[in-house]
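# Breakdown of the fold
Spelled out from the first residue to the last, the chains are:
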Amino acid sequence: MCCILWYHKLTAIEVQGNPQIPRPHRSMGLLNNIKFFVLCHGMLQLAQLLVSGYLKGSITTIEKRYGFSSQKSGLLAAFNEVGNIILIVFVSFFGSRVHRPRCIGIGAMIASVGVFLIALPHFISEKYMYTDFNSNTKDNSSGLCQSLNPEEEFNQTCDQEKNDSHLGVYPVLLLGQLLLGIGGVPIQPFGISYIDDYAEKRNSPFYLGILFAITVIGPAFGFMMSSALLRFYVDIDKVSSEYKDLNNEDPRWVGAWWLGFLMAATLLLLTSLPYLFFPRKMSREEIIEALAEPSIEKIIEDKEPKTDMMEEVSLTEFLKSFPKIVMRTLRNPTYLLVVLAQVNLAAMVAGLATFMGKFIEKQFAQTASFSNLMMVRSFTNIFVLFPPLQGTLSFLLAFAFILLPFIPRSSHQCSNACSCSDEAFNPVCGSDGVEFRSPCHAGCKTKIPNKEKNYKDCECVASTGSPGFALPGPCGNGCNNRLIPFMILSSITCFVASLSHTTSFMMILRTVTPEDKSFALGIQFMLFRVLAFLPAPVLYGRAIDTACVLWGKKCNKITSCRYYDLDLFRHRFLGLQIFFIFGGFVCFFLSFMVLRRTNSTQEQNEKMNNQEMKEAKQMISSSNGH
């Protein structure tokens, strides 16, 4: 103890004698280093946004696995915003009143529990069953045209399997998303404010720029991870060789969607631990400059205590004043129009991020894994400034998508003596180029294993002379060669649509009073969630569902869609893009007109004031002359 006291006294003497030696409380290790906090926060945001990208990349796989409609999938993808909306007001109030690093860590732990819950349905559900999964017949007659009762095999499957809906899969997924949203509320606002408070002023923009860059990298990593993990079979931990007749190009294939959530939840939990040990208040970062005297402004800044105006207001007073501040902010026409323009573009991006993978799967006959890989290329083209033509270009590019010629997929039903189950789904392609949803619906009576022509004697396949044959798998739609032009146009659209972000953000900061800036930004993000991020995926999902022409069935219950009218799918999906882009363009145009009128009014007022001043000066000079 004496040695320690002697060390501190000696250090104090040395510090007083040599100003270049840092004071002891300035060097308390990594946990008192803002650079280390930025590193931890970057890793935490990467883990958080990785979950968001991975969920959107695997949403169609979850939809297929549990038989959800696209509307339910859209609600699931957006349900984390509910937690954000509930708590965002309170987060804006508490600010620096709480231990911000500890709140971030606890919130991240709650989010990791939510992600673990999202993966839980895989472990409480039975094995994934698909057509021909339980084929125990040695003559390979399962799924063929027969005169037997087709319900016997499927009833046996339903008797053996617990229906997933009785296990509460969807509520568990929603609960996981809710916890993910609640836990993620303090991460970004508390982290950014903490960095801005204790980072040196010249370094703060650089640190925040790193965090904003991660907001793009994180979802991209999520899509890449889903592309890799969806190549593994969903029940890879439960079965060994029963699915060997499937590959990831089979429309019945379901990838290991749950595996990525376990990895992301673990990463999220690990990155949350350092926040429990960061101090509530950190020593402000300083840049050591040789022989540099501190400026008068720096001395005043260090000596004057920083007061938070919100600390003088109680929670009750804050809640009472909040509606007034909201209405005062929304009465600003420029602010309201710019925010509504951003809401339209945010709604377009939210719908694209959720269902673009499904669009690529269906329109271009690609696998879920490959579609997610294309998503990475499409949604990482941002961070540039070229706003004047963004509305017009985005509108024209989205309109060009609709005009792209596509060949619709054929899916015909054949009425014959075969007793085909409505639940059968094992697509085959006839020799005439027509796709059937199962060998039975194609009228095929013989299956030849390990041969090029797997199904023979197909009554419904048009052919001259003898009955036609069919090959396993879908026929495709002949649109593969149009995928590259589509992705190029899609990337350009995402690139152009992002150009207004920086200028819009600056317009919002310049059109509100200084005391309302924080609230204006909070209201902006709240409107984003209420009007864009939450309803847009549900609206896109509903539009996609209306294009379905054949719904799947399982145990006499409706499941996910098997076949879509691809023209209707494309028109409604891209039509929503045009709607939101046009709405954003109109709002930006109206804001331009309002600003133009405001500027002209100000110029007129300045001219009148100048004229009055001149007249007053003339009157004074004339009176002095007399």
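The protein appears in an unreviewed UniProt entry as Solute carrier organic anion transporter family member from Cyprinus carpio. Recorded under Sequence similarities (unreviewed entry), the UniProt text for the protein is reproduced unchanged: "Belongs to the organo anion transporter (TC 2.A.60) family." Entered under Subcellular location (unreviewed entry) in the UniProt record, the comment concerning the protein runs "Cell membrane".

It is the contact of helix H3 (residues 70-78) with helix H19 (residues 535-545), at a shortest axis distance of 7 Å, that shows an interaxial angle of 165°. Relative to H19, the element H3 is oriented roughly antiparallel. Read as a crossing pair, H3 and H19 show a hand that is right-handed. Contacts between H3 and H19 pair Ser70, Gln71, Gly74, Leu75 and Ala78 from the former with Pro537, Val538, Gly541, Arg542, Ile544 and Asp545 from the latter.

So, on to the packing of aromatic side chains. One pass over the full model with this rule turns up 25 aromatic pairs. Through a chain of ring-to-ring contacts, the aromatic side chains of Phe359, Phe364, Phe486, Tyr540, Tyr564, Phe569, Phe573, Phe579 and Phe580 assemble into a single cluster. Between Lys72 and the ring centre of Tyr170, over which it is positioned, the NZ or CZ distance is 4.5 Å. Here Arg562 stacks its cationic end above the ring of Phe425, 4.4 Å away from the centre of that ring.

Compared with an ideal rise of 1.5 Å per residue, which puts 32 residues at 46 Å, helix H13 (residues 333-364) spans 44 Å between its outermost C-alpha atoms and is within 8% of the ideal. Along H13, the largest kink reaches about 55° and is centred on Phe355. Of all 32 residues making up H13, 28 are buried, and the element is well covered by its neighbours. The N-capping residue of H13, defined by a side-chain oxygen 3.2 Å from the backbone nitrogen of Thr334, is Asn332.

On the surface, Phe582, Phe585, Val586, Phe589, Leu590, Phe592 and Met593 cluster together to form a nonpolar patch covering roughly 630 Å² of accessible area. Considering the arrangement of structural elements, one finds Phe585 in helix H20 (residues 566-625).

So, about unusual backbone geometry. We note that Ala365 has phi near 55°; this positive angle belongs to a residue other than glycine. Tracing the sequence through the fold places Ala365 in the loop between H13 and helix H14 (368-378). Unlike most non-glycine residues, Asp457 shows phi in positive territory, near 55°. Topologically, Asp457 is positioned in strand E4 (residues 455-458).

Quick look at the state of the cysteines now. For the coordinates displayed, the defined rule picks out 4 disulfides. Covalent S-S linkage joins Cys548 and Cys561, the inter-sulfur distance amounting to 2.1 Å. On the sign convention where negative is left-handed, the bridge of Cys548 and Cys561, at about 100° about the S-S bond, is right-handed. With Cys548 in strand E6 (residues 548-554) and Cys561 in strand E7 (residues 557-564), this residue pair connects regions lying 13 residues apart in the sequence. The class of Cys548 is buried, set by a relative accessible area of 13%.

By the bridge criterion, 5 bridges tie E6 to E7 in an arrangement that is antiparallel. Pairing of Trp551 across the sheet is with Cys561, part of E7. The antiparallel pairing of E6 with E7 creates a hairpin that spans 2 residues between the two strands, and Cys555 there sits at a positive phi of about 55°.

What counts and what doesn't
Residues numbered from 1 in each chain as written. Predicted model: local features only at pLDDT ≥ 70, side-chain atom pairs only at ≥ 80, totals over all residues. Heavy atoms only, no water. UniProt positions renumbered as here; feature names shortened; annotations may be inferred. Axes fitted to C-alpha atoms, helices over the stretch in contact; angles between N-to-C directions. Helix = DSSP H or I, 4+ residues; strand = E, 2+ residues; numbered from the N terminus. Parallel < 35°, antiparallel > 145°, perpendicular 65-115°, else oblique. Left-handed = near helix turned anticlockwise from the far one by under 90°. Contact = heavy atoms within 4.5 Å. Phe/Tyr/Trp six-rings, centres within 6.5 Å; stacked < 30°, edge-to-face > 60°. Lys NZ or Arg CZ within 6 Å of the ring centre and 35° of its normal. Expected span 1.5 Å × (residues − 1). Bend = angle between axes of the 7 residues up to and from the residue. Buried < 20%, exposed > 50% of the residue type's maximum accessible area, 1.4 Å probe, protein only. Polar contact = N/O pair within 3.5 Å; in protein donor to acceptor, adjacent residues only side chain to side chain. Patch = residues over 30% accessible without salt bridge, like charges linked within 9 Å, V, L, I, M, F, W, Y side chains within 5 Å. Areas by Shrake-Rupley, 256 points an atom, 1.4 Å probe, with all protein chains shown as cover. Salt bridge = Lys/Arg side-chain N within 4 Å of Asp/Glu carboxyl O. Disulfide = S-S within 2.5 Å. Pairing = 2+ DSSP bridges.

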